[in-house]
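A closer look at the structure
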Amino acid sequence: MSTSRDEFLETIIAQYRDEIEEILVESEQVYRSSIDYDMLDTKVQSLIRCAKVDGLNEKMIWELLEARIPTYVNYINFKNSAKKAA
């Protein structure tokens, strides 16, 4: 039983990995030389909501994001720390 759950989880994670790649490409500008982080953030928040519906926790999505787009994770960390400082 756990094998089928593990296989399902792997399939879902692979789908979200592909989705992250797609939203990254959609957020790139000027011939892929820069990223619109605000646009990317909007898409990531939607992705996280969908992942929760599919049974993935938010931490899994952040781990996928950190592996693929570490600069986005840095952007979010900076954005959150700037809010706390203000």
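Attention here is on the structure that accompanies the text. (Residues numbered from 1 in each chain as written. Predicted model: local features only at pLDDT ≥ 70, side-chain atom pairs only at ≥ 80, totals over all residues. Heavy atoms only, no water.)

1. Quick look at the environment of A85
Heads up, the rule is: Secondary structure elements are defined from DSSP: runs of H or I of at least 4 residues count as helices, runs of E of at least 2 residues count as strands, and each element is numbered from the N terminus. Buried, partly exposed and exposed residues are distinguished by accessible area as a fraction of the type maximum, computed with a 1.4 Å probe on protein chains only: under 20%, between the cut-offs, and over 50%, respectively.
For A85, the location among the structural elements is in helix α4 (residues 70-85). Overall, A85 belongs to the exposed group, its relative accessible area being 70%.

2. Observations regarding helix α1 (residues 2-27)
Quick note on the threshold: Here the expected length of a helix is defined as 1.5 Å per residue gap, with one fewer gap than residues. Contacts between residues were defined by any pair of non-hydrogen atoms, one from each residue, lying within 4.5 Å.
Taking 1.5 Å of rise per residue, 26 residues should cover 38 Å, and α1 covers 37 Å from first to last C-alpha, within 8% of that figure. Those residues of α1 that fall on the buried side of the exposure criterion are I12, I13, Y16, I20, I23, L24 and S27. Structurally, α1 contributes buried residues whose contacts are with β1 (28-29), β2 (34-35), α2 (37-53) and α3 (58-68).

3. Side note on the nonpolar core
Here is the rule we go by: Nine residue types can take part in a nonpolar core, namely buried Ala, Val, Leu, Ile, Met, Phe, Trp, Tyr and Cys, and a core is a set of them joined through side-chain atoms within 4.5 Å.
Ranked by internal contacts, the top residues of the largest apolar core, which has 19 residues, are Y16, V44, L56, I61, L65, I69 and Y72. Going through the elements one at a time, α1, α2, α3 and α4 are the ones with two or more residues in this core. Counting residues per element, this core draws most heavily on α1, at six residues. Not counting chain neighbours up to four residues away, the residues in contact with Y72 comprise Y37, L40, D41, V44, Q45, W62 and L65.

4. Let's talk about the packing of aromatic side chains
The cut-off we apply is this: Pairing of aromatic rings covers Phe, Tyr and Trp, the last counted by its six-membered ring, and requires centre-to-centre distances within 6.5 Å; plane angles under 30 degrees mean stacked, over 60 mean edge-to-face, and any other angle means tilted.
Summed over all chains, the structure comprises three aromatic pairs. Their ring planes at 20° and their centres at 5.0 Å tell us that Y37 and Y75 sit as a pair that is stacked. With Y37 in helix α2 and Y75 in helix α4, the pair connects residues that are 38 residues apart, well separated along the chain. Accessibility expressed as a relative area gives 22% for Y37, which makes it partly exposed. Among the aromatic side chains, those forming a connected cluster through ring pairs are Y37, W62, Y72 and Y75.

5. What about the side chain of D41?
Inspection of the secondary structure assignment puts D41 in helix α2. The class of D41 is buried, set by a relative accessible area of 13%. Those residues in contact with D41 that sit more than four places away from it in its chain are Y72, I76 and K79.

6. Some thoughts on the packing of α1 against α2
Rule in force here: Where helices are involved, their axes are fitted lines through C-alpha atoms of the stretch in contact, as for all axes, and angles between N-to-C directions lie from 0 to 180°. Our angle categories are set so that under 35 degrees counts as roughly parallel, over 145 as roughly antiparallel, 65 to 115 as roughly perpendicular, and the remainder as oblique. Left-handed describes a crossing whose near helix is turned anticlockwise from the far helix by less than a right angle; the clockwise case is right-handed. Under the scheme applied here, ten amino acids are nonpolar (Ala, Val, Leu, Ile, Met, Phe, Trp, Tyr, Cys and Pro), four are charged (Asp, Glu, Lys and Arg), and all others, including Gly, are polar.
Contact pair α1 / α2: the axes reach a minimum separation of 9 Å and the direction vectors enclose 160°. Considered as vectors, α1 and α2 are oriented roughly antiparallel to each other. When you trace α1 past α2, the crossing you get is right-handed. From α1, Y16, E19, I20, I23, L24, E26 and S27 reach across to α2, where they touch M39, L40, K43, V44, L47, C50 and A51. In terms of residue class, the contact of α1 with α2 is built from 10 nonpolar, one polar and three charged.

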